[in-house]
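Letter by letter, the chains look like this.
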Protein chains: 2
Amino acid sequence: MRSASGKRNGYASNHGGKSPLKNIHQYRLGIVGATGAVGRELIHLVHDRGFPCSELQLLASARSAGRQIQQNGNSWTIRETRPDSFDELDVAIFSAGSDTTRRLAAEANRRNCVVIDNSSAYRMDPKVPLVVPEINSDALTRHQGIVANPNCTTAVALMGLYPLHRAFGLTRFFACTYQAVSGAGAAAMEELKTQVLQWSRNQPLTARVFPHQIAFNLLPQADAFQPGGYTKEELKMANESRKILDLPTLKVSTTCVRVPVFRAHSIAVHAEFEKAVDLAAAREAVQSFPGTILVDEPENHRYPMPIDFSSREACGVGRLRKDDAFDNGLAFWVVGDQLWKGAALNAIQIAEAMHERHILRI
Amino acid sequence: MRSASGKRNGYASNHGGKSPLKNIHQYRLGIVGATGAVGRELIHLVHDRGFPCSELQLLASARSAGRQIQQNGNSWTIRETRPDSFDELDVAIFSAGSDTTRRLAAEANRRNCVVIDNSSAYRMDPKVPLVVPEINSDALTRHQGIVANPNCTTAVALMGLYPLHRAFGLTRFFACTYQAVSGAGAAAMEELKTQVLQWSRNQPLTARVFPHQIAFNLLPQADAFQPGGYTKEELKMANESRKILDLPTLKVSTTCVRVPVFRAHSIAVHAEFEKAVDLAAAREAVQSFPGTILVDEPENHRYPMPIDFSSREACGVGRLRKDDAFDNGLAFWVVGDQLWKGAALNAIQIAEAMHERHILRI
């Protein structure tokens, strides 16, 4: 159900403070990190999807406190995120980095506020469910106050991999990513814009957010390098996939690459399965999976592309074919909005799934 | 040996016609397709590398005949490529597409002109050597008038793969490419520029060369789709790698993707080997291989990038690490100039290797 009115889901009522809930299913929702790239999308999606909230509080660092945010005809004043911010909230979606989560998630829980966290702080904690609702929403029933939202590339890759896993039993996959700059935040999106404008004016290109020029270039690095030579981002995809799919021995190897694209991540996947694969059954599995669209008419140059899957809820799967280097293999290409399915949308879908199961509480 | 003077290698003497060779090692060289993106680089590299030619003829289609080409202080008149063009040539480097090669390579051979061909026309022909000189120059001794230059992505990928194969014995690899627009020709490079300028002026973006917008986008397609769902480009990398490495049963699976980068191709490779891999030995193998540079200091954000490997002879290998999804696996990232090692440079290196072996003749 979507709401056309901002008021119906409490979108414009964050000045209401402690007003009693008229409806047991209306939540006082907080967004921690509301000024970031994901935070802005959260505000939009809470409105657009009609999430049942009686009140929406926008929280951020002390530096941003007092700032006005206008969106969808509504206006909010940013408040500083402090432990007592959560006294007035039932649910908080955190999107402010691991440090903020580590510092404040327990404080929120202590005040009976459920935390849905977009950082990597608790993703691998056995007590914390790590959830893509289309895949493992049952894990939500075991929550103890914190639910983790997966890494963006993991979420998008699994939207293509999971329906195939269900059909054929995944044993191993290789993934090479083509990651949009949005994954590095709003400032990174500005940096790509700035560099392209500098290039068009024959000016020298300046890099601040990324270690190198990103316009007309590729950076085979997302997040920090770890011992062994993989980046954190690459290890996240391996470890988080194992946890979400409940396949602790799954073999995974990935190369994560930043590309000069604004906000949709693309991933080339080469996957091996237990059972013999059948291409028609694979197509059917992808096509019938909620949240994933099959765009696969190569003869008409139709395949998923970042420009077509930006600001879009569904992920697109295409280039589905038997993988020539595995006995039971499939290769495919999957694209999804990094800020939506890779972050804000999945977080709200987690809240929605918990609401439907009546477990969006501590 | 490089020549500072254009005259020494006959660069400016294409009006000399039938003048007798003063030096047995000076060739009358023709470039077929001289007005294309690769052709222009060939003119530059013949000069820059001091290839021993007494005469340089620039040939192209009838449409381009009469056009003047200025480069490195020299000037040529483009002539139409006709069968009798080869009467006056000892060697012709073809870079004008498969149709031109199929139509004219035999005519050239009949006139005692050796053909080094950049198209895919004869690459898989058992009578035609397919050569990356650093890898399999011995195959040149079996030439019968035509030598094929590999596909650009294959050449760049193998510059990283071959030294590792020599050390550990390659059995399988997965490659995902990040291909520059130069691979689609000069008009494609112009199209990316035009689209970015249109974007910077808030104008609608127009696509003519590619089926879709390439600026800020990705196209999971290079060349035409084939039955089975792979593109020609993807199958070329598999088939040409098998032929160049002389590994007919090598397992290969690739996804080829066009990215908004001007002229260097990047490839993420996940490879499996017969023998146990050792990272120090792998680094040493890459580092000591001619034509490949190891750029692998992740702690300092140092890895190969397209902007650093454009207009550069060497290919760069980095992100070298054990592959977690294979028992004996290595993953790496390789970058090389599509127009140079992927095309023009490799073709001239073939001519040089044949010259050194005194087999640049029919």
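Structure's up top.
In this numbering scheme, every chain counts its residues from 1 along its sequence in written order. Chain labels run from A onward and ligand labels from 1 onward, assigned in the order the entries are written. Local features in this predicted model are restricted to residues of pLDDT 70 or higher, and side-chain atom pairs are both shown and tallied only at a pLDDT of 80 or more, whereas totals for entire chains, interfaces and linings draw on every residue. Only hydrogens and water are set aside; all other atoms, that is, all heavy atoms of the structure, feed into the side-chain values.

Engineer: Help me out: how do you make sense of the overall build of chain A in this one?
Structural biologist: Each helix is a run of DSSP H or I of at least 4 residues and each strand a run of E of at least 2, with the numbering of both proceeding from the N terminus. When helices and strands are counted, chain A shows 8 helices and 14 strands. Between the two quantities, the radius of gyration covers C-alpha atoms and the globule rule is 2.2 Å times the number of residues to the power 0.38. Over its C-alpha atoms chain A spans a radius of gyration of 20 Å, differing by no more than 12% from the 21 Å that the globule rule assigns to 362 residues. By its C-alpha atoms, chain A is 60 × 55 × 45 Å across when sized along the principal axes. Within chain A, buried positions represent 63% of all 362 residues. When contacts within chain A are restricted to residue pairs at least 6 apart in sequence, long-range pairs at least 24 apart make up 70% of them. Charge convention: Lys and Arg are scored as positive, Asp and Glu as negative, and His as well as the terminal groups of each chain are ignored. A single reference atom marks each charge: NZ on Lys, CZ on Arg, CG on Asp, CD on Glu. One way to put it: in chain A the 41 positive side-chain charges average out to a point 5 Å from where the 36 negative ones average out. Working definition: with a 1.4 Å probe on protein chains only, accessible area under 20% of the residue-type maximum means buried, over 50% means exposed, and in between means partly exposed. Every residue pair with non-hydrogen atoms within 4.5 Å of one another is taken to be in contact.

Engineer: Would you explain the sheet that holds strand β10 (residues 251-255) of chain A in this entry?
Structural biologist: Each strand in a sheet pairs with another by means of backbone hydrogen bonds, the pair being arranged parallel or else antiparallel. Residues and elements named next belong to chain A. The rule for pairing is simple: two strands pair if DSSP sees at least two bridges between them. Spatial strand order, β10-β9-β11-β14-β13-β12: 6 strands in an open sheet with mixed pairing. Here the strands that pair on one side only, and so sit at the sheet edges, are β10 and β12 (292-294). For this sheet the average axis-to-axis angle between neighbouring strands, irrespective of direction, equals 25°. Bridge count between strand β13 (residues 315-322) and strand β14 (residues 329-337): 5 bridges; the pairing is antiparallel. Across the sheet, residue Gly-316 finds its bridge partner in β14, namely Val-335. An axis is simply a line fitted to the C-alpha atoms; with a helix, the fit covers only the stretch in contact. Between two such axes, the angle follows the N-to-C directions and lies from 0 to 180 degrees.

Engineer: Honestly, the relation of the copies chain B and chain A in this entry has me stumped. Any pointers?
Structural biologist: Both copies of the chain are related through a single rotation about an axis accompanied by a shift along the same axis. Copies overlap after least-squares fitting; the atoms used are the C-alpha atoms of residues with pLDDT of at least 70 in both. For the pair chain B and chain A, the best superposition has an RMSD of 0.0 Å and corresponds to a rotation of 180° with a translation of 0.0 Å parallel to the axis. Expressed as a symmetry operation, the mapping of one chain copy onto the other fits a two-fold axis. Interface residue correspondence from chain B to chain A reaches 100%, placing this contact among same-surface, isologous pairings.

Engineer: Would you mind going over helix α7 (residues 279-287) of chain A with me for this structure?
Structural biologist: An α-helical turn contains 3.6 residues, so a residue and the one three or four places further along point in the same direction. Residues and elements named next belong to chain A. Within α7 the residues assigned to the buried category are Ala-282, Ala-285 and Val-286. Summarising the axial view, the buried residues of α7 lie within an arc of 95°, below the 170-degree limit, and thus occupy one face. In α7, those exposed residues whose orientation departs by more than 90 degrees from the buried face are Ala-280 and Gln-287. Lining the buried residues of α7 we find α4 (152-168), β12, β13 and β14. What qualifies as a polar contact is a pair of N or O atoms within 3.5 Å, subject to a donor-acceptor requirement within protein and to the restriction that residues adjacent in sequence count only when both atoms come from side chains. Here α7 starts with a cap whose side-chain oxygen sits 3.3 Å from the backbone nitrogen of Ala-280, and that cap is Asp-278. Of all possible arcs, the one meant is that of the directions from the helix axis to the C-beta atoms.

Engineer: Looking at this structure, I do not really get the sheet that holds strand β9 (residues 170-178) of chain B. What am I missing?
Structural biologist: Residue and element names in this part refer to chain B. On the basis of which strands lie adjacent, the open sheet formed by 6 strands has the order β10-β9-β11-β14-β13-β12 and mixed pairing. At either margin of the open sheet sits one strand with a lone partner, and together these are β10 (251-255) and β12 (292-294). Put simply, the sheet's adjacent strands are angled 25° from each other on average, direction ignored. Two strands pair when backbone bridges link them, and strand β11 (residues 264-273) and strand β14 (residues 329-337) are joined in this way by 9 bridges, in the antiparallel orientation. Note that in β14 the partner of His-270 across the bridge is Ala-331.

Engineer: Sorry, what's going on with empty space enclosed by the protein here?
Structural biologist: Cavities and pockets were defined on a 1 Å grid built over protein atoms only: a cavity is a set of grid points that admits a 1.4 Å probe from which the probe cannot escape, a pocket is an open set flanked by protein on both sides within 12 Å along at least five of seven lines, and lining residues are those with an atom within 4 Å of any such point. Grid points are joined across faces, edges and corners, and a volume is the space filled by probe spheres set on the points. Here the structure, examined in full by the defined rule, presents 2 cavities of 30 Å³ or more. In this structure, the largest cavity encloses a volume near 60 Å³. As for the largest cavity, its lining consists of Leu192(A), Val196(A), Ala215(A), Phe216(A), Pro260(A), Leu192(B), Val196(B), Ala215(B), Phe216(B) and Pro260(B). Of all the secondary-structure elements, those providing two or more residues to the lining of the largest cavity are α5 (186-200) of chain A together with α5 (186-200) of chain B. Taken together, Tyr230(A), Glu234(A), Leu235(A), Ala238(A), Val252(A), Ser253(A), Thr254(A) and Asp324(B) form the lining of the second largest cavity.

Engineer: What's the story with the interface of chain B and chain A in this structure? I'm lost.
Structural biologist: One frequently used descriptor of interface size is the decrease in accessible area upon assembly of the parts. Taken together, the contact between chain B and chain A spans 56 residues of the former and 56 residues of the latter. A 1.4 Å probe defines the accessible area here, and the buried area is the portion of it lost by two parts on being joined, summed over both. Sorting the residues of chain B by area buried against chain A places Phe216(B), Leu218(B) and Arg319(B) first, and these three jointly supply 12% of that buried surface. For Arg319(B), the salt bridge is made with Glu234(A), and the minimal N-O distance between the two is 2.7 Å. Taken together, chain B and chain A are joined by 32 residue pairs in polar contact (both at pLDDT 80 or more). Counting only elements with at least two residues in the side of chain B that touches chain A, the list comes to β9, α5, α6 (232-245), β10, β11 and β13 (315-322) of chain B. If you tally residues by element for the side of chain B that touches chain A, the top one is α5(B), at 6 residues. Its residues assigned to classes, the side of chain B that touches chain A shows 32 nonpolar, 15 polar and 9 charged. For salt bridges, the criterion is a side-chain nitrogen of Lys or Arg within 4 Å of an Asp or Glu carboxyl oxygen. All residues other than Ala, Val, Leu, Ile, Met, Phe, Trp, Tyr, Cys, Pro, Asp, Glu, Lys and Arg, Gly among them, are scored as polar; the first ten of these are nonpolar and the last four charged.

Engineer: Can you help me understand the packing of aromatic side chains in this one?
Structural biologist: Each pair of aromatic rings is reported with the distance of its centres and the angle of its planes. Aromatic pairs are defined between Phe, Tyr and Trp rings, using the six-membered ring for Trp, whenever the two ring centres lie within 6.5 Å; interplanar angles under 30 degrees are classed as stacked, those over 60 as edge-to-face, and all others as tilted. In total, this model carries 24 aromatic pairs over all chains according to the counting rule given. On the numbers, 4.0 Å between centres and 20° between planes, the contact of Tyr178(A) with Tyr178(B) is stacked. On the criterion of chain membership, the pair formed by Tyr178(A) in strand β9 (residues 170-178) and Tyr178(B) in strand β9 is interchain, its members lying in two chains. Among the residues examined, Tyr178(A) registers a relative accessible area of 0% and is labelled buried. In this structure an aromatic cluster arises from ring pairing among Phe174(A), Phe326(A), Phe174(B) and Phe326(B). Positioned above the aromatic ring of Phe309(A) is the side chain of Arg312(A), whose terminal nitrogen or guanidinium carbon lies 4.1 Å from the ring centre. For a ring to carry a charge above it, either NZ of a lysine or CZ of an arginine must fall within 6 Å of the ring centroid while also lying within 35 degrees of the normal to the ring plane. Positioned over the ring face of Tyr230(A) is Arg321(B), at 4.6 Å from the centre of the ring.

Engineer: Would you mind going over the pairing of β13(B) with me for this structure?
Structural biologist: Looking along a regular strand, one sees the side chains alternate between the two faces of the sheet. Residue and element names in this part refer to chain B. Buried residues dominate β13, accounting for 7 of its 8 residues. With 3 bridges connecting them, β12 and β13 associate as parallel partners. Opposite Leu-294, over in β13, you have Val-317 as the bridge partner. Taken together, β13 and the strand that follows it, β14, pair antiparallel across an intervening segment of 6 residues.

Engineer: Looking at this structure, how should I read the pattern of salt bridges?
Structural biologist: In the structure shown here, the tally under the stated rule is 42 salt bridges over all chains. Note that Asp223(A) is salt-bridged to Lys236(A), the shortest N-O span being 3.1 Å. On the criterion of sequence distance, the pair formed by Asp223(A) in the loop between α5 and α6 (232-245) and Lys236(A) in helix α6 is long-range, its members being 13 residues apart. Classification of Lys236(A) by relative accessible area gives buried; the value is 16%. For the salt bridge of Asp125(B) with Lys127(B), the shortest nitrogen-to-oxygen distance reads 3.7 Å.

Any functional reading would require information that these geometric values do not contain.
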